[in-house]
Amino acid sequence: MGVKERKLREFKKREEEIINVAYELLTKLEPLQMTMEMIAERAEIGRGTIYKHFSSKDEIYARLIINRRSYFLKTLQNLKNTDNTTLKDIIEAYIEYAANDTEAYSVHKKCLNHYLKSNINENLVLIMQEQENQKIELIEFIMKKVLKELDLEPLNIKYLIYAGWGMLRGAMDFMLENQNSLIEDKKLFTEAIEQIFLKGIL
């Protein structure tokens, strides 16, 4: 390995360490409480070193958002590639994503609620936008397939999809915000969401 390759590898390794330290801090702190000094101290590097990787805390938030979204996009892609995906499958997949790692879900929400787009570089903005577009496309594809099998023809299927997805996210957020992080009966919770969604359609 040449000097250039070694330095690049070390740079990336240090960058990942900064991200991991920020994540750990955000499991216990609110974004406004976390400082670059805290990250530097925990990572055992100089504060100036952080700025060689990230120009602001917002760029760290952005990287954490991108990492978490990548994980969820894989889940959606798997649902898309499944022949007989049902509405229940979609609901269960989101419950697994949110409730099986409540720390990661909480950190993701914190970052989403506090990052400033104007404080992150164009490359990160582009990645985040591409991920968001991909997420919407996957959700629409999966939901249209499910609704077609139900033989439903709503006036505007896109609004129905957004409303249903928003309801699912809102239900999970409400439970986690009220510290009910462990759903006692995932089957009943899934069926409740499914019934509300279908009754709304029908």
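Refer to the structure above for everything that follows.
So, here's what we can say about the structure. Being a predicted model, the structure only gives us computed values, none of them experimental.

**Focus on the pattern of salt bridges**
So, point 1. All chains considered together, the criterion is met by eight salt bridges.
So, point 2. Here R47 makes a salt bridge to E37, at a shortest N to O gap of 2.7 Å. In this pair, R47 sits in helix α3 (residues 47-50) while E37 sits in helix α2 (residues 36-43), placing the two residues ten residues apart along the sequence.
So, point 3. Exposure remark for R47: the relative accessible area of 40% places this residue in the partly exposed category.
So, point 4. Across the pair K109 and D173 runs a salt bridge whose closest N-O atoms are separated by 2.9 Å. With K109 in helix α6 (residues 102-114) and D173 in helix α8 (residues 157-177), this residue pair connects regions lying 64 residues apart in the sequence.
So, point 5. Since its relative accessible area comes to 14%, D173 is described here as buried.
So, point 6. Bridged by salt links that share partners, the residues E15, E16 and R63 form one connected network.

**Brief notes about the environment of I50**
So, point 1. Its place among the elements puts I50 in helix α3.
So, point 2. The spatial distance from the C-alpha of I50 to the C-alpha of A40 is 7.1 Å, given a sequence separation of ten residues.

**Considerations on the packing of helix α4 (residues 57-80) against helix α5 (residues 87-99)**
So, point 1. At a minimum axis distance of 11 Å, the contact between α4 and α5 shows a crossing angle of 155 degrees. By the angle between their axes, α4 is roughly antiparallel relative to α5. In terms of crossing hand, the pair formed by α4 and α5 is right-handed. For the pair α4 and α5, contact is made by R68, Y71, F72, T75 and L79 and by D89, I90, A93, Y94 and Y97, respectively.
So, point 2. Here the contact of α4 with α5 is composed, by residue class, of seven nonpolar, one polar and two charged.

**Things to note about the packing of aromatic side chains**
So, point 1. Scanning all chains against the criterion turns up eight aromatic pairs.
So, point 2. Judged by centre distance (5.7 Å) and plane angle (80 degrees), the rings of F72 and Y94 are edge-to-face. With F72 in helix α4 and Y94 in helix α5, this residue pair connects regions lying 22 residues apart in the sequence. Here F72 matches Y94 in class, with each residue buried.
So, point 3. Ring centres of Y94 and W165 lie 5.4 Å apart, and the angle between their planes is 75 degrees; on these two criteria the pair is classed as edge-to-face. With a gap of 71 residues between them, Y94 in helix α5 and W165 in helix α8 connect regions that are remote in the sequence. In terms of burial, Y94 and W165 fall into one category: buried.
So, point 4. One aromatic cluster is present, formed by Y71, F72, Y94, Y97, Y105 and W165 through successive ring pairs.
So, point 5. Residue placement shows K80 over the ring face of F141; its charged tip is 4.8 Å from the ring centre.

**Details of empty space enclosed by the protein**
So, point 1. Scanning the model with the defined rule gives one cavity of 30 Å³ or more in all.
So, point 2. Here the largest cavity is characterised by a volume of approximately 80 Å³.
So, point 3. L87, I90, I91, M143, I161, G164, W165, M167, L168, I193 and F197 together form the lining of the largest cavity.
So, point 4. Those elements that provide at least two residues to the lining of the largest cavity are α5, α8 and α9 (186-201).
So, point 5. Sorting elements by how many residues they give to the lining of the largest cavity places α8 first, with five residues.
So, point 6. Taken together, the residues of the lining of the largest cavity break down into ten nonpolar, one polar and no charged.

Rules behind the numbers
Starting from 1, residues in each chain are numbered consecutively following that chain's sequence as written. In keeping with the predicted nature of the model, local features appear solely for residues at pLDDT of at least 70, side-chain atom pairs appear and are counted solely at 80 or more, and the whole-chain, interface and lining totals rest on all residues. Computation of side-chain values: all heavy atoms of the structure, hydrogens and water removed. Salt bridges are defined as contacts in which a side-chain nitrogen from Lys or Arg sits within 4 Å of a carboxyl oxygen from Asp or Glu. Secondary structure elements are taken from DSSP: a helix is a run of H or I of four residues or more, a strand is a run of E of two residues or more, and numbering for both begins at the N terminus. Throughout, exposure labels follow a simple rule: accessible area from a 1.4 Å probe, protein chains only, divided by the maximum for the residue type, with under 20% read as buried, over 50% as exposed, and the rest as partly exposed. Axis lines are fitted through C-alpha atoms, for helices just across the contact stretch, and the angle between N-to-C directions can take any value from 0 to 180 degrees. Roughly parallel means an angle under 35 degrees; roughly antiparallel, over 145; roughly perpendicular, 65 to 115; everything else is oblique. By the definition used in this description, the sense in which the near helix is turned from the far one sets the handedness, with an anticlockwise turn below a right angle giving left-handed and a clockwise turn giving right-handed. Should any heavy atoms of two residues lie within 4.5 Å, those residues are considered in contact. Three classes are used, and their members are as follows: Ala, Val, Leu, Ile, Met, Phe, Trp, Tyr, Cys and Pro are nonpolar, Asp, Glu, Lys and Arg are charged, and the others, Gly among them, are polar. Note on ring pairs: Phe, Tyr and Trp rings are taken, using the six-membered ring of Trp, and paired if centres are within 6.5 Å. Classes follow the plane angle, with under 30 degrees stacked, over 60 edge-to-face and the rest tilted. We call a charge positioned over a ring when the NZ of a Lys or the CZ of an Arg lies within 6 Å of the ring centre and within 35 degrees of the ring normal. Think of a 1 Å grid over just the protein atoms. A cavity is a set of points where a 1.4 Å probe fits yet cannot get out, a pocket is an open set with protein on both sides within 12 Å along at least five of seven lines, and lining residues have an atom within 4 Å of a point. Grid points are joined across faces, edges and corners, and a volume is the space filled by probe spheres set on the points.

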